[in-house]
Amino acid sequence: MLNYPQFDPVMISLGPLQLRWYGMMYVFGIVSGWLLGRYRATKPWNKMTPPLMDDFLTWAILGVVLGGRIGYVLFYNPSFYLAEPLKIFAVWEGGMSFHGGCLGVLLACWLFGRTHGMSFLEVGDFVSPLVPPGLFFGRIGNFINGELWGRYTDLPWGMPFPGAGGLPRHPSQLYEAGLEGALLFLIVWVYSSKPRPNGCVGAVFLLGYGVFRFLVEFAREPDRQLGFVALHWMSMGQVLCLPMILFGVGWLIWAYRKSA
């Protein structure tokens, strides 16, 4: 068993101003995606240019924040927020959903494409490789916060998280950082390094994320207020990943058959 590191949630204090690690992980994720996007925009097969990437950044941030928060409210704790509607705006208390953020970014891609004469698929294919680094930093932020821990385990790297009952648990946040962040980035970045049929880069991202998240959920503790939501063993995260997996597989088969 490993000891959970006791992180100070505050990264830097400047008088009354506090920069917290969790918030800075979002900053790191956004900046890394922006820098990678500017590099990717120099490739000749993309319609996106570095100045357009700068413009898209604002759209993406709004999509992530608004979609992530609304998704959490609707998917994970609707009864609580129905009783306490003002708590919806208390984002500093935590509560963001990847699937909601993904829908928010997809909407941003569609609106941005309409504004700049690009198709939804073109924007989505461009953006998809930029997302996993943000997922990596986000999961590291979850680990530092000691939240979204895993299920009980007797494996040697299990650790007792604060407020989690004192027994060793899977550090599932690190599993997700490694799979949904680092490994998924390598897969999608390499796949997108040359032209592909429209929508296929986005489909690989959705398929990869869906599979990795579905698997990690077996080691992650289900949300306390929900428990298992289907078949007595599927979590909400797994249920939400199934459409991503099915769409990713279906689109890849259809696109490659069409282009053959």
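Residues numbered from 1 in each chain as written. Predicted model: local features only at pLDDT ≥ 70, side-chain atom pairs only at ≥ 80, totals over all residues. Heavy atoms only, no water.

### Here's the deal with the overall build of the protein
- Secondary structure summary: the protein contains 9 helices and 2 strands in total.
- Secondary structure elements of the protein occur, N-terminal to C-terminal, as β-β-α-α-α-α-α-α-α-α-α.
- In summary, the protein has a C-alpha radius of gyration of 19 Å against a globular reference of 18 Å for 260 residues, a match within 12%.
- Dimensions of the protein, computed from C-alpha atoms along their principal axes, come out at roughly 55 × 50 × 40 Å.
- Across the 260 residues of the protein, 44% fall into the buried class.
- Taking the intrachain contacts of the protein between residues at least 6 apart in sequence as the baseline, contacts between residues at least 24 apart amount to 66%. (Helix = DSSP H or I, 4+ residues; strand = E, 2+ residues; numbered from the N terminus. Rg over C-alpha atoms; globule rule 2.2 N^0.38 Å. Buried < 20%, exposed > 50% of the residue type's maximum accessible area, 1.4 Å probe, protein only. Contact = heavy atoms within 4.5 Å.)

### So, the UniProt feature "transmembrane region" (unreviewed entry) in the protein
- Listed under "transmembrane region" (unreviewed entry) in the UniProt record, and renumbered for this structure, are residues 20-36, 56-76, 96-113, 198-216 and 228-254.
- Segment residues 20-36 splits into 94% helix and 6% strand. End C-alpha atoms: 24 Å apart.
- Taken end to end, residues 96-113 is 89% helix and 0% strand, and its two terminal C-alpha atoms sit 26 Å from one another. (UniProt positions renumbered as here; feature names shortened; annotations may be inferred.)

### Quick word on the UniProt feature "binding site: a 1,2-diacyl-sn-glycero-3-phospho-(1'-sn-glycerol)" (unreviewed entry) in the protein
- Sites flagged by UniProt as "binding site: a 1,2-diacyl-sn-glycero-3-phospho-(1'-sn-glycerol)" (unreviewed entry) map to Arg139.
- Position of arginine 139 among the secondary structure elements: in helix 6 (residues 131-145).
- Apart from the residues lying within four places of it in its own chain, the contact partners of arginine 139 are Leu148, Gln173, Glu176, Ala177, Glu180, Tyr209, Arg213 and Arg220.

### A short note on helix 8 (residues 200-216)
- Its 17 residues give helix 8 an end-to-end C-alpha distance of 24 Å, which sits within 8% of 24 Å, the value for a rise of 1.5 Å per residue.
- Most of helix 8 is tucked away, with 14 of its 17 residues classed as buried. (Expected span 1.5 Å × (residues − 1).)

### Let's talk about unusual backbone geometry
- Notably, leucine 148 is not glycine yet its phi reads approximately 55°, a positive angle.
- The exposure class of leucine 148 is partly exposed, given its relative accessible area of 30%.
- In the Ramachandran plot, leucine 231 falls in the positive-phi region, its phi being about 60° despite a non-glycine side chain.
- Checked against the element boundaries, leucine 231 lands in the loop between helix 8 and helix 9 (236-259).

### A short note on the pattern of salt bridges
- This structure, assessed with the given rule, holds 9 salt bridges.
- Here arginine 139 ties to glutamate 180 by a salt bridge, and the two come within 3.6 Å at their closest N and O atoms. Note that arginine 139 is positioned in helix 6 and glutamate 180 in helix 7 (residues 172-191), a separation of 41 residues in sequence. Just as arginine 139 is buried, glutamate 180 falls in that class too.
- If you follow the salt bridges from partner to partner, you end up with Arg139, Glu176, Glu180, Arg213, Glu217 and Arg220 in one network. (Salt bridge = Lys/Arg side-chain N within 4 Å of Asp/Glu carboxyl O.)

### Section: the side chain of glutamine 238
- The topology assignment puts glutamine 238 in helix 9.
- If we skip the residues at most four places from it in the chain, glutamine 238 touches Phe214, Glu217, Phe218 and Trp233.

### Some remarks on the nonpolar core
- Residues Phe98, Phe205 and Tyr209 are the most contacted members of the largest nonpolar core, which totals 19 residues.
- For this core, the secondary-structure elements that each account for two or more residues are helix 4 (98-116), helix 7, helix 8 and helix 9.
- Element by element, the count of residues in this core is highest for helix 8, at 8 residues.
- If sequence neighbours within four positions are ignored, phenylalanine 205 has contacts with Phe98, Ser128, Val131, Pro132, Leu135, Leu184 and Val188. (Core = buried A, V, L, I, M, F, W, Y, C linked by side-chain atoms within 4.5 Å.)

### Examining the environment of leucine 103
- Following the sequence through the fold, leucine 103 ends up in helix 4.
- Along the chain, leucine 103 and valine 64 lie 39 residues apart, while their C-alpha atoms are 8.4 Å from each other.

### Quick word on the packing of aromatic side chains
- According to the stated counting rule, one finds 23 aromatic pairs in the structure shown.
- Each ring, one from tyrosine 4 and one from phenylalanine 161, has its centre 5.0 Å from the other, and the planes form 45°; the classification is tilted. Placement of the pair is tyrosine 4 in the segment before strand 1 (10-14) and phenylalanine 161 in the loop between helix 6 and helix 7, with a sequence separation of 157 residues.
- Phenylalanine 161 sits in the buried class, given a relative accessible area of 2%.
- Taking 5.0 Å as the distance between ring centres and 50° as the angle between the ring planes, the aromatic pair formed by tryptophan 251 and tryptophan 254 counts as tilted. (Phe/Tyr/Trp six-rings, centres within 6.5 Å; stacked < 30°, edge-to-face > 60°.)

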